[in-house]
Amino acid sequence: MQISAEPLHFQVNPQLGELFGILVREDVLFTNQKGEENRGARKHVERLMNTMQEPIRRVLQKDERVFYIAQAQVPLSALEQLTMSWVMHGLFQCVLVFTDRRILHFNVKRDGSWSDSVKQVHWADLREIKIAGSFLGRQLKITHADGKKDVYSRLKFAAGKKLKAILPWLKEHAEQRTNAVQGYEHLCPECVTPLMKGVYFCSRCGTTFKNEATLLKRALIIPGGGYFYCGLRMLGILTGLVEAVLLLDVLVSAGASRETKGGSLDFFVGLAFILFLIVVEKGVGYMHCRNLIREFIVDDRKQFALSASM
C-alpha cells in the first residue's frame, strides 16, 4: 500500500487534497499529534505553505505529496555555537518539508521568504531521525546513512509533538529511494538538478554560485569582506570595524616604536597579541562564511533571472 493511502491514525481515514496547488495529506498536515483537527495547527501550516508555495511547487516531483511542514533553526557547527550562536539563531532559519519521498530543507531569510538555497535527503538515506528535548525546546536530530549528524533546534512545541508522532510512521512507509550521497544533496534553485559538493556551477542551466576561492581572497584582504560576500552586511560592518580598530592599533604602535627608536619586550608582545587577534578574527569569520558558501548562494542574479523567465 502506498503511503498516500496508508492510515496514520486508526480513527481517521486518509484525506488527500491540495493546498495552493500542492498535493497534501490533510489528515496529517492539519491535525495535532493525536490526529485531531486543530485550528491553530491549520492556521500555522497554511501560513508557512503560503509563504513557501512557489519554491515547494518548483522542487516537488510529479505526484509527490506533502505530509508536514515546520520551521526550525538550521544546524550549527561547534564553532558557530561557541562564537556566533546569538547571531545565528536570529539570522539562519529554515523550513523543513516532509513528503512521501524525502525531506526538503529550504533556507529562509529573516522575513520567512526563501533564500534560493534548497537541499534534499531521502527517507532511505536516514539511519535515524527523532525528536529530542524538553518543554524548554524541541530538537530534530538526524543521523544520515553516511554517519553525519544534523540537529535542528528551536522547533515550535506543537511541531515537535506532531513530528514525534509521525516521523517513525513516515520513515517506515515512505518510498525507499536512495542516492549515492547517502545524506543531504543540494539542488539547483532554478532547474532542481542535484549539485556536486564543491562545484559552484550548475551544468544544466548555467546558474553560478558564490565560491570558496573568492571568499578566501575577500576575507583576507577586505575587513569584514567574507560577510559582505555572503550578503551579511551588518555582520560585515561590525567585523570590519573590529578589524579596522585592530589594524589601526598596529599602525599606531609601529609609529610609536619608530619614534622611540626600537621597542621594549612588552611592546613586541603586545603587537604579537594584536596580530594574533586579527588572525583569529579573520579565521573565525572565514569558517563561518565557508559554511554559508557550501549552502550554495546564487551569485549571478542576472543569469538566474534570465533562466527563470525562459
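Residues numbered from 1 in each chain as written. Predicted model: local features only at pLDDT ≥ 70, side-chain atom pairs only at ≥ 80, totals over all residues. Heavy atoms only, no water.

## Let's talk about the pairing of strand E8 (residues 137-144)
In plain terms, the rule: Strands are labelled as partners when DSSP assigns at least two bridges between them. Secondary structure counts use DSSP, requiring at least four H or I residues in a row for a helix and at least two E residues in a row for a strand, with both numbered from the N terminus.
Pairing geometry for E8 and strand E9 (residues 149-155), over five bridges, is antiparallel. Counterpart to Arg138 in the pairing with E9 is Leu155. Counting the residues in the hairpin turn of E8 and E9 gives four residues, including Gly147, whose phi is positive at 95 degrees.

## Considerations on the pattern of salt bridges
We count it as follows: What makes a salt bridge here is a side-chain nitrogen of Lys or Arg within 4 Å of a carboxyl oxygen of Asp or Glu, nothing more. Throughout, exposure labels follow a simple rule: accessible area from a 1.4 Å probe, protein chains only, divided by the maximum for the residue type, with under 20% read as buried, over 50% as exposed, and the rest as partly exposed.
Throughout the structure, instances matching the rule amount to eleven salt bridges. Between Asp27 and Arg25 there is a salt bridge, with the nearest N and O atoms lying 2.7 Å from each other. For Asp27, a relative accessible area of 3% translates into the label buried. In this structure, the salt-bridge partner of Arg58 is Glu190, at a minimum N-O distance of 3.9 Å. With Arg58 in helix H2 (residues 39-59) and Glu190 in the loop between strand E10 (185-187) and helix H6 (212-221), this residue pair connects regions lying 132 residues apart in the sequence.

## Quick word on unusual backbone geometry
Unlike most non-glycine residues, Asp63 shows phi in positive territory, near 65 degrees. For Arg154, which is not glycine, the phi dihedral falls at a positive 60 degrees.

## Focus: the confidence of the model for the chain
Using the following cut-off: Residue-level confidence of the predictor is summarised by pLDDT, bounded by 0 at the bottom and 100 at the top. Whether two residues are in contact is decided by their heavy atoms: any pair within 4.5 Å suffices.
Residues at a pLDDT of 70 or more form 88% of the chain, whose mean pLDDT is 87. A low-confidence stretch, residues 302-310 (pLDDT under 50), is modelled with twelve contacts involving residues beyond four sequence positions or located in other chains.

## Focus on the nonpolar core
The condition is simple: Remark: nonpolar core denotes a set of buried residues (Ala, Val, Leu, Ile, Met, Phe, Trp, Tyr, Cys) joined through side-chain atoms within 4.5 Å.
One finds Ile56, Phe98 and Leu140 to be the most contacted residues of the largest nonpolar core, which totals 72 residues. Ignoring anything within four residues of it in the chain, the contact list for Leu140 reads Leu96, Phe98, Ile129, Lys130, Ile131, Asp150, Val151, Tyr152, Leu155 and Leu167. Leu246, Val250, Leu271 and Ile278 belong to the second largest nonpolar core, which has five residues in total.

## Digging into H2
Rules: The length a helix should cover is 1.5 Å for every residue beyond the first. Polar contacts, as counted here, are pairs of nitrogen or oxygen atoms within 3.5 Å of one another; within protein the pair requires one atom able to donate a hydrogen and one able to accept it, and residues that are adjacent in sequence qualify only if both atoms are side-chain atoms.
Over its 21 residues, H2 extends 28 Å from the first C-alpha to the last, a length consistent with the 30 Å expected when each residue adds 1.5 Å. Burial in H2 covers these residues: His44, Val45, Leu48, Met49, Met52, Gln53, Pro55, Ile56 and Val59. Sitting at the amino-terminal end of H2 is Asn38, which places a side-chain oxygen 3.0 Å from the backbone nitrogen of Gly40.

## Brief notes about helix H5 (residues 157-173)
Selection criterion: To get the bend at any residue, fit one axis to the seven residues that end at it and another to the seven that begin at it, then take the angle between the two axes.
With 17 residues, H5 ought to run about 24 Å at 1.5 Å a step, and its terminal C-alpha atoms sit 25 Å apart, in line with that. Bending of H5 peaks at approximately 40 degrees at the position of Ile166, with proline Pro168 no more than four residues after it. Along H5, the positions that sit buried rather than exposed are Ala159, Gly160, Lys162, Leu163, Ile166, Leu167, Trp169 and Leu170.

## Remarks on the pairing of strand E5 (residues 102-108)
Counting buried positions over the seven residues of E5 gives seven, a clear majority of the element. On E5, burial covers both faces: Arg102, Leu104, Phe106 and Val108 on one face and Ile103, His105 and Asn107 on the other are all buried. Here six bridges tie strand E4 (residues 93-99) to E5, and the two strands are oriented antiparallel to one another. In the strand pairing of E5, Val95 is matched with Phe106. Between E4 and E5, which pair antiparallel in sequence order, lie two residues. Pairing geometry for E5 and strand E6 (residues 114-122), over six bridges, is antiparallel. The partner of Val108 across the bridge, within E6, is Trp114.

## Let's talk about a positive patch on the surface
Worth spelling out the cut-off: Like charges are joined within 9 Å and nonpolar side chains (Val, Leu, Ile, Met, Phe, Trp, Tyr) within 5 Å, but only among residues with over 30% relative accessible area and no salt bridge; these make up the patches. All accessible-area figures derive from a Shrake-Rupley calculation using a 1.4 Å probe, and residue coverage is judged against the displayed protein chains alone. Here the positive residues are Lys and Arg and the negative ones are Asp and Glu; neither His nor the chain ends is included. Charge placement uses NZ in Lys and CZ in Arg. For Asp and Glu, CG and CD serve respectively.
On the surface, Arg127, Lys130, Lys141 and Lys149 cluster together into a patch of positive charge. If you trace the backbone, Arg127 turns up in strand E7 (residues 126-134).

## A closer look at the packing of aromatic side chains
Our working definition: Between 30 and 60 degrees the pair is tilted, below 30 it is stacked and above 60 it is edge-to-face, where a pair is any two Phe, Tyr or Trp rings, Trp via its six-membered ring, whose centres lie within 6.5 Å. Lysine and arginine charges are scored as sitting over a ring when NZ or CZ, respectively, is within 6 Å of the ring centre and within 35 degrees of the ring normal.
With the rule as written, the count across this model stands at five aromatic pairs. Between Phe67 and Trp169, the aromatic rings sit 5.8 Å apart at their centres with planes inclined by 55 degrees, giving tilted as the arrangement. Of the two residues, Phe67 sits in strand E3 (residues 66-73) while Trp169 sits in helix H5, which places them 102 residues apart along the sequence. Taken as a pair, Phe67 and Trp169 share a single burial class, namely buried. Linked through ring pairs, Tyr200, Phe209 and Phe296 together constitute an aromatic cluster. Its guanidinium or amino end placed over the ring of Phe30, Arg42 lies 3.9 Å from that ring's centre, counting from NZ or CZ. Lying over the aromatic face of Tyr229, Lys210 brings its terminal NZ or CZ to 5.2 Å of the ring centre.

## Topic: the side chain of Arg65
For Arg65, the location among the structural elements is in the loop between H2 and E3. The side chain of Arg65 sits in the buried core without any salt bridge; Asp100 is the nearest counter-charge, 5.6 Å away. A distance of 3.4 Å separates a polar side-chain atom of Arg65 from the backbone oxygen of Gly17.

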